Amino acid sequence: MVASSAVGSSKVFVATSLVARRRRRADSKSAGSKNRSRMTTNASSASSSFQMGNDTLRIDFELHRENRLRLAQAMEEKKKKSNAMKRNVVLLESGKQTQRYGTDNEPLFRQESYFHWLFGCRESDCFGALDVEQKKAVLFVPRLPDEYIVWMGKPLSKEELAKKYKVEEVRYTDELEAYLQEEGDIAVHVLSGTNTDSGLPTLKANVPSLSKIEVDESILFEEITLLRTFKTKREQEVLEYASKISSQAHIAAMKSLKPGTMEYQLEAAFLHHIYNQGGMRFSSYPSICASGNNAAILHYGHSGAPNDKECKAGELVLMDMGGEYHCMCADITTTVPVSGKFTPDQKIFYDGVLQAHKDVLANIKPGAIWTDLHLLAERRILEMLQKLNVINESSSMEEMLENRVCAVFMPHGLGHLLGIDTHDVGGYGLRNSRDRILKPGLKSCRTAKALEEHNVMTVEPGCYFVDALIDDVDMSENVKKCINFDTIDEKFRGFGGVRIEDNLVVTKDGCTSWTNVPRETDEIEKVMSGELIWS
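Residues numbered from 1 in each chain as written. Predicted model: local features only at pLDDT ≥ 70, side-chain atom pairs only at ≥ 80, totals over all residues. Heavy atoms only, no water.

Enquirer: Give a detailed account of the nonpolar core, specifying residues and quantitative values.
Expert: As a rule of thumb, nonpolar side chains are buried together in soluble globular proteins. Ranked by size, the top nonpolar core spans 121 residues in total, and within it Leu71, Ile364, Leu385, Phe409 and Phe465 carry the most contacts. In terms of residue count, the dominant contributor to this core is helix H8 (residues 233–256) (nine residues). Leucine 71 has contacts with Val90, Trp117, Leu118, Leu130, Leu220, Glu223, Ile224 and Leu227, leaving out every residue within four places of it along the chain. Grouped together as the second largest cluster of nonpolar side chains are 16 residues, Leu91, Val190, Leu210 and Ile213 included. (Core = buried A, V, L, I, M, F, W, Y, C linked by side-chain atoms within 4.5 Å. Buried < 20%, exposed > 50% of the residue type's maximum accessible area, 1.4 Å probe, protein only. Helix = DSSP H or I, 4+ residues; strand = E, 2+ residues; numbered from the N terminus. Contact = heavy atoms within 4.5 Å.)

Enquirer: Got a sec to walk through the packing of helix H2 (residues 62–82) against H8? Specific residues and values, please.
Expert: Two elements in contact, H2 and H8, have axes separated by 9 Å at closest approach and are oriented at 135°. Considering the angle they form, H2 stands oblique to H8. Crossing angle aside, the handedness with which H2 passes H8 is left-handed. Listed contacts from H8 to Glu62, Leu63, Glu66, Asn67 and Arg70 of H2 are Arg234, Glu235 and Val238. Residue composition of the contact of H2 with H8, by class: two nonpolar, one polar and five charged. (Axes fitted to C-alpha atoms, helices over the stretch in contact; angles between N-to-C directions. Parallel < 35°, antiparallel > 145°, perpendicular 65-115°, else oblique. Left-handed = near helix turned anticlockwise from the far one by under 90°. Nonpolar A, V, L, I, M, F, W, Y, C, P; charged D, E, K, R; others polar.)

Enquirer: I'd like a rundown of the side chain of glutamate 525, residues and numbers included.
Expert: With respect to the helices and strands, glutamate 525 occurs in helix H16 (residues 521–529). Those residues within four positions of glutamate 525 in sequence are excluded, and the remaining contacts are Gly340, Lys341 and Phe342.

Enquirer: Quick one: what's the story with the pairing of strand E18 (residues 502–506), residue by residue and with numbers?
Expert: By the criterion of burial, E18 is predominantly enclosed, with five of the five residues buried. Taking every second residue as pointing to the same face, both faces of E18 are buried, with Asp502, Leu504 and Val506 on one and Asn503 and Val505 on the other. Judged from the four bridges that link them, strand E15 (residues 456–459) and E18 form a sheet pairing that is antiparallel. Residue pairing for E18: valine 459 is matched across the bridge by aspartate 502. In this structure, E18 lies alongside strand E19 (residues 511–513), joined through three bridges in antiparallel fashion. Residue pairing for E19: valine 506 is matched across the bridge by cysteine 511. Linking two consecutive strands that pair antiparallel, namely E18 and E19, is a turn of four residues. (Pairing = 2+ DSSP bridges.)

As structure tokens, this is what we get:
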């Protein structure tokens, strides 16, 4: 826990050092034009909404005020059950502006997800407090030196920031200690938990050491994480917009594909569309544009494999890409033929994954168990593999499910929660969670929960020929006897794979998919040839 005097002074140092760097680069005309995250300066930024342009979605910051009220109510309910007497203040710390290694290059800032959920604040190096009983929000922003205006423009005043973010008060970060002293004998609730997807701890706010303050790390993480799994109507509107624009961008990439196209050109077509047409400055994650055997690399497209292969006639291309708007993510996957036409085997293979996709969507509703839906997808994929003689016809379905045969061909889970993070929080470890099933394939499921209304999920069954799994020397005999390795060697080595992914919200009696791309093989072929205009 840092000393109280460091809370504000560190932020002043950040701003002061930023100005010092600008002075050293005063001879460069571009010195003041670099992307920074500090205080927004144009007049429209003071309005109580976010919008990138007239043709993009306008988001009222009431979205975040509503989340604060939801959290305050949940914390009050928790307090009643524990008979706690102290007043309660939630304290979160925002993300910090970073620099690239030892340079003064500052990557474009993206807000820490819990802080964004509660405040919607686009600035870095802030704190935010929520008085649970009074429902009062206070945002703490860095106190910037006078020289800041020369390089970064005039910052918004505290009053303008309060209006913009719909908070009751804005103070400077060096006033945080004074604020907590004014609040008196209180319990300060900070985040303390582990993200079950990454295994990393949450960002815990640094609270000044004051005698009257009780710091509580036991409650906030579960309450706020649980609330994040239920999307409000306002949040759903943003997520639907992200999916809409990302769907359009997938079609733009699909239509640009032909033999000789480079994988990165598909990525470029997607990124251009989400920014040019949707105002999405960020993508949700590094784009996966995997042609041929690269489609069997589940997270292809990283810096060591940067979408740099030529797409060749006869191959399939798996494109897993999503745009992000106001920190809300889309995550969509399409798989299409480079030549514009599926081969007979490709069509059988693709249609098998598509049937798994359709059957899962048809069975999603409140109460459906996610791992049961995963097993349903496995059934359809195994049926398709038997049709292609990759799996021996003599193998019974129950035998294959028991021995986890499908994990050789679909090693990942069926999908995940979606929201402010692509792999959104809340999959495990909450009071409404179910334990992870530690079996091949199923252990990769990012949740095992019973679905509830207003959960937002991805559904992404896939099937792949991954050499490392097919050739695994530790494969059990019960699995080996089900697989026809000769067929794989003769027809499917280097085939790659197929994944089909939608974004959806669970409704009271089913689900609604926000993904709008061609899925049937004939639709894909007609869109790629220009015969069908998709809308």
